[in-house]
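A closer look at the structure
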Amino acid sequence: MTDDHYLDQAEKSVLIVMTSGPSTPHRCATPFYLGAILASMDADVRIFFTMEGVNLLKKGVAENLVAMEGGKRVIEFMRDAKAAGVKLHLCLPALPGYKMDEKADIIAEVDECSSGGTLADLILSCDKVLFF
């Protein structure tokens, strides 16, 4: 391992692919917490929600979900990440499987409704990809 640190390097981009959702609440805060930290270090951070992860973007879900008893609500972690500059992408092709409507069911924090092609492009173009 070298003594180089991130801040000594060129700009970085990070993609977090969020497949976890309400059935695994213990996995639903860390991606936003980590994303906020990375964004505060000037990384371009995007979180792409697919599979069960899209349920976190349904109105009423993240507002009522905590990763651990007594902890902050997941929506608060999302808002912290957004305030730090993290962009949230929703996978449009996943919506029908979860009976979600793009116009009526999605929280305002979503930056972009995206295709699977966008996910592929983000994976190929970013410096790091993390999966939760």
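Placed above this text is the structure.
A brief structural summary.

What counts and how
Residues numbered from 1 in each chain as written. Predicted model: local features only at pLDDT ≥ 70, side-chain atom pairs only at ≥ 80, totals over all residues. Heavy atoms only, no water. Disulfide = S-S within 2.5 Å. Buried < 20%, exposed > 50% of the residue type's maximum accessible area, 1.4 Å probe, protein only. Pairing = 2+ DSSP bridges. Helix = DSSP H or I, 4+ residues; strand = E, 2+ residues; numbered from the N terminus. Axes fitted to C-alpha atoms, helices over the stretch in contact; angles between N-to-C directions. Contact = heavy atoms within 4.5 Å.

The subject of this paragraph is the state of the cysteines. A full pass over the atoms with the stated rule returns 0 disulfides. Summary of cysteine pairing: C91 is not part of a disulfide, and the nearest cysteine sulfur, belonging to C113, is at 9.9 Å. The closest cysteine sulfur to the non-disulfide-bonded C126 is located on C91, 16 Å from its own sulfur. According to the relative accessible area criterion, C126 is buried, its value standing at 15%.

Further remarks concern the sheet that holds strand β4 (residues 112-114). Strand order in this open sheet of 5 strands is β4-β3-β2-β1-β5, and the pairing throughout is parallel. The sheet is open, and its two edges are formed by β4 and β5 (128-131), each paired on a single side. Neighbour to neighbour, the strand axes of the sheet diverge by 25° on average, direction disregarded. Helix α1 (residues 30-40) rests against β1 (13-18), β2 (44-49), β3 (87-91) and β5 of the sheet, and its axis sits at about 160° to β2.

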